[in-house]
Amino acid sequence: MGKVVLEVKDLTTKYITRFREDVYAVDRVSLKVEEGKSLGIAGESGCGKSTLALSLMGYYFPPLHYMSGEIVINGRNISGMKPDDVRKSVLGTEIAYIPQAAMNALNPTQKIIHFIEDVVLAHDPTENKKFIYDLARASFEILGLPAEVLHKYPVELSGGMKQRTVIAVSVILRPTVLIADEPSSALDVTSQKMVIKMLKGLMDNGFIKAMIFITHELPLLYNVTDDIMVMYAGQIVEKATAKEAVFDPLHPYSKGLMGSIIVPESGLRNVKLTAIPGVPPNLKKPPAGCRFAERCKYVQPECSATSVPLYDADGGRAYRCILAENTLREAYQHVQ
Amino acid sequence: MSNERRSCLSGTGLTKIFGLGRHKTVAVDHVDFEFHEGEVISIVGESGSGKTTLAKLLLGLINPTEGEIYFRGQQRDISSHKKKQEYWRNIQAIFQDPFSAYNIFSKIDTVLLDCIHMRGGRKLPYAKKVELMAEACSFVNLKFEEMTNKYPFELSGGQMQRLMIARIFLLKPKILLADEPTSMIDACSRATILDYLLKLRDEIGMTLIFITHDIGLAYYVSDTVYIMERGKFVERGSADDVILRPKEPYTRRLISDVPKIYEEWDLSTV
């Protein structure tokens with residue numbers, strides 16, 4: 001077991017809307033990321049994936065508010081820190097974030113190299129420009145980006161190139177953990193593959209120590225990450241290795257999610273595509289019991305009575321369902 | 001088997017050129033095709049390959065620069081507004097973005113009533129119209145009582161896309177053209193939408209044309225797949241032939257770029 005670089009304990013964050021309503025978007029999430037590992041977070045839109053990513057950075061601004069829990073990165077607890085301190089000493093150097101709309105993350109009036117200078121100088125104002133240029137050039141070379149990109153404006157770059165530039169800039173300070181939130185959802189398949197190849201190469205080249213990858217595209221997640229966490233309505237419903245999560249899911253929601261995978265392979269002809277009926281619950285008033293109960297095929301009368309904890313299963317897995325492992329597996333057998 | 005089927009929509013030498021002289025762009029370049037009745041067809045291509053232009057040509061929204069389109073064996077005639085409307089009774093479309101597909105000033109009842117009127121049901125008694133609307137809503141698992149007296153923007157994206165399918169259910173066209181119907185919704189709702197579309201095909205026996213960049217989707221739904229590159233069809237054939245045994249290098253590259261789960265995904269090829 002490797003060194004744990006990021007540990008999160010019972011993190012709860014909420015949104016406060018204009019009408020003073022609380023929306024619990026991340027509810028008691030615990031996770032551990034070891035050095036050299038990548039963790040994937042899956043779930044449908046609105047389940048709290050992106051909010052979890054924002055919460056993990058420890059950088060809260062309204063309407064997102066921190067409630068309770070701990071975020072320990074490299075042995076340092078960052079959960080109670082002030083936003084300004086977080087920005088100075090955590091973002092960029094400990095945690096880097098690639099947003100969903102990375103296309104718009106670059107300043108259109110600045111050349112890439114000036115953007116990089118700003119990033120580096122914000123953390124260490126004494127750095128000289130020659131050093132920054134050499135650093136940027138070396139990083140770009142290792143990551144397979146042409147050095148001319150440094151002297152271009154963002155408008156001169158194609159979508160895929162822009163995305164790869166944003167990734168290169170975000171790891172320029174060698175952060176411990178990189179959080180990638182749907183980094184390739186706006187790209188075509190070829191550019192997507194280049195972005196993925198680059199992300200996978202980051203860890204081998206020593207740019208980052210661990211990665212958290214968020215997407216709703218499961219085949220992608222399966223190829224990129226070591227472990228997968230499935231989220232539903234702000235809670236983690238299943239934790240497993242990538243292979244187990246895709247081919248042997250335990251929680252009924254994960255099962256439904258994995259049943260919606262479409263790939264152009266002959267194996268697809270043997271599986272039946274399943275869809276999950278209904279919509280996720282409203283997080284302003286989350287149900288008292290299991291949050292998936294009203295959409296679940298295997299629902300029991302006691303499901304909606306009390307909240308369901310995350311049960312441990314064999315092989316370091318965990319799932320949030322009152323039914324036993326064997327009962328669930330047997331039920332899935334009958335479906336197919 | 002396809003020889004026994006009647007031709008539904010076909011085209012010869014279909015071309016669309018935008019611009020003039022030095023600035024001209026050949027969006028669709030002399031394509032020939034034949035779609036049969038009841039067939040599910042996918043036209044796959046990357047962005048900029050001309051697939052949406054082809055869709056617009058098929059729908060009669062723009063005129064071809066060259067070439068002919070034949071509808072059920074006869075040359076398509078959309079020279080006047082009346083003839084165009086007659087044609088649109090037979091071909092309908094679902095677009096990528098359900099949010100911008102509705103008239104924001106008309107309520108859902110109006111949307112569905114228009115469909116009934118378009119099928120010649122203007123003189124039906126009120127109760128019959130309500131019954132038809134409720135039937136269409138229940139087909140896509142929406143409750144008519146919840147839909148009535150609402151505006152489209154009050155629905156979620158998935159609900160809007162389902163309402164779009166309810167419209168098609170009322171219109172019963174011969175051909176349905178779905179232009180990227182699932183690219184704006186997440187992977188879980190995608191299966192639902194595809195299921196409804198295929199169920200609808202079985203129900204009213206229409207030809208279904210998918211325009212998509214998602215090869216997995218094309219493989220899952222279609223009988224025939226056309227691969228489009230720079231305005232031309234580079235490969236065509238049954239789904240199994242094209243996706244599992246691709247002949248053209250372009251098709252091979254496209255398929256190798258999609259993430260796999262049953263086989264190893266080779267990242268070294270980019």
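From a predicted model like this one, the values you see are computed outputs, not experimental measurements.

With that out of the way, let us pick up the overall build of chain A. Helix and strand counts for chain A come out as 10 helices and 12 strands. For a compact globule of 336 residues, the expected C-alpha radius of gyration is about 20 Å, and chain A comes in at 21 Å, within 12% of that figure. In terms of overall dimensions, chain A has a C-alpha envelope of 65 × 50 × 40 Å along the principal axes. Per-residue burial over chain A gives 42% buried out of 336 residues. For chain A, the share of sequence-separated contacts (at least 6 apart) that also reach a separation of at least 24 residues comes to 63%.

What follows is about helix H6 (residues 157-171) of chain B. Residue and element names in this part refer to chain B. The terminal C-alpha atoms of H6, which comprises 15 residues, lie 21 Å apart, in line with the 21 Å expected from a rise of 1.5 Å per residue. Extensive coverage of H6 is indicated by the burial of 14 of its 15 residues. Note on H6: the residue one or two positions beyond its end, Lys-172, has a positive phi of about 45 degrees.

Time to look at the interface of chain A and chain B. Contact with chain A, which involves 32 residues of that partner, is made by 29 residues of chain B. Elements with a contribution of two residues or more to the side of chain A that touches chain B: helix H6 (189-204) and helix H7 (218-224) of chain A. The biggest single contributor to the side of chain A that touches chain B is H6(A), with 7 residues. Of the residues that constitute the side of chain A that touches chain B, the class distribution is 17 nonpolar, 8 polar and 7 charged.

Sheet strands pair by backbone hydrogen bonding; their relative direction is either parallel or antiparallel. Residues and elements named next belong to chain B. Pairing is antiparallel in the open sheet, where 4 strands are placed in the order E2-E1-E4-E5. The strands lining the two open edges of the sheet, one partner per strand, are strand E2 (25-36) and strand E5 (74-75). Here strand E1 (residues 7-18) pairs with E2 via 8 bridges, running antiparallel. If you follow Ser-7 over to E2, its bridge partner there is His-36.

A word on the nonpolar core. In terms of nonpolar packing, the biggest core is built from 164 residues, with Ile95(A), Val177(A), Val230(A), Leu177(B) and Ile209(B) touching the most fellow members. The element that contributes the greatest number of residues to this core is H6(B), accounting for 9 residues.

Residues and elements named next belong to chain B. Ordered in space as E6-E7-E8-E3-E9-E10, the 6 strands form an open sheet in which the pairing is mixed. Here the strands that pair on one side only, and so sit at the sheet edges, are strand E6 (91-94) and strand E10 (232-238). Neighbouring strand axes in the sheet, compared pairwise and without regard to direction, differ in orientation by 20 degrees on average. Inspection of the sheet shows strand E9 (residues 224-229) paired to E10 by 6 bridges, in the antiparallel sense. Its bridge partner lying in E10, Val-225 is registered against Gly-237.

Relative to the assigned elements, Lys82(B) resides in helix H2 (residues 81-88). Distance in space between the C-alpha atoms of Lys82(B) and Gln159(B) is 32 Å, their sequence separation being 77 residues.

Below, the discussion takes up the domain arrangement of chain A. Residue and element names in this part refer to chain A. Taken domain by domain, chain A consists of domain 1 (4-225) and domain 2 (249-335). Look at where the C-alpha atoms of domain 1 and domain 2 centre, and you get two points 30 Å apart. Taken together, the contact between domain 1 and domain 2 spans 10 residues of the former and 8 residues of the latter. Those elements that provide at least two residues to the side of domain 1 that touches domain 2 are strand E2 (22-34) and H7. The element that contributes the greatest number of residues to the side of domain 1 that touches domain 2 is E2, accounting for 3 residues. Looking at the side of domain 1 that touches domain 2 residue by residue, the classes come out as 7 nonpolar, 1 polar and 2 charged.

Put simply, Pro62(A) and Pro63(A) share a cis peptide bond, and its omega is 5 degrees. With respect to the helices and strands, Pro63(A) occurs in the loop between helix H1 (49-56) and strand E4 (64-73). The backbone phi angle of Asn141(B) is positive, close to 65 degrees, even though this residue is not glycine. Looking at the secondary structure, you find Asn141(B) in the loop between helix H4 (126-139) and helix H5 (144-147).

Below, the discussion takes up the packing of helix H3 (residues 108-118) of chain B against H4(B). Residue and element names in this part refer to chain B. Packing of H3 against H4 leaves a shortest axis separation of 10 Å and a crossing angle of 110 degrees. Classified by the angle between their axes, H3 and H4 sit roughly perpendicular to one another. Where H3 crosses over H4, the two elements pack in a sense that is right-handed. Across the interface between the two elements, Leu-112, Leu-113 and Ile-116 of H3 pack against Lys-129, Leu-132, Met-133 and Ala-136 of H4.

All names here are of chain B. A large share of strand E8 (residues 207-212) lies buried, amounting to 6 of its 6 residues. Because side chains alternate across E8, one face comprises the buried residues Thr-207, Ile-209 and Ile-211, and the other comprises Leu-208, Phe-210 and Thr-212, equally buried. In this sheet, E8 lies alongside strand E3 (residues 40-44) in parallel orientation, the contact comprising 5 bridges. In the strand pairing of E8, Ile-41 is matched with Ile-209. Pairing of strand E7 (residues 175-179) with E8, which is carried by 5 bridges, proceeds in the parallel orientation. In the sheet register, Asp-179 faces E8, and the bridge partner there is Ile-211. Between E7 and its parallel partner E8, the chain crosses via helix H7 (residues 187-204), and the hand of that crossover is right-handed.

Looking now at the environment of Arg320(A). Residues and elements named next belong to chain A. Here Arg-320 is to be found in the loop between strand E12 (317-319) and helix H10 (325-335). Arg-320 sits in the buried class, given 22 other C-beta atoms within 10 Å. For the pair Arg-320 and Lys-82, spaced 238 residues apart in sequence, the C-alpha separation works out to 33 Å. Those residues in contact with Arg-320 that lie beyond four places of it in its chain are Gln-235, Val-237, His-251, Val-308 and Leu-310.

About the thresholds
- Residues numbered from 1 in each chain as written.
- Chains lettered and ligands numbered in written order.
- Predicted model: local features only at pLDDT ≥ 70, side-chain atom pairs only at ≥ 80, totals over all residues.
- Helix = DSSP H or I, 4+ residues; strand = E, 2+ residues; numbered from the N terminus.
- Rg over C-alpha atoms; globule rule 2.2 N^0.38 Å.
- Buried ≥ 20, exposed ≤ 12 C-beta atoms within 10 Å, placed from the backbone.
- Contact = placed C-beta atoms within 7 Å.
- Expected span 1.5 Å × (residues − 1).
- Nonpolar A, V, L, I, M, F, W, Y, C, P; charged D, E, K, R; others polar.
- Pairing = 2+ DSSP bridges.
- Core = buried A, V, L, I, M, F, W, Y, C linked by C-beta atoms within 7 Å.
- Axes fitted to C-alpha atoms, helices over the stretch in contact; angles between N-to-C directions.
- Domains from an automatic or database assignment.
- Parallel < 35°, antiparallel > 145°, perpendicular 65-115°, else oblique.
- Left-handed = near helix turned anticlockwise from the far one by under 90°.
- Right-handed = clockwise from strand over helix to strand, strands pointing away.

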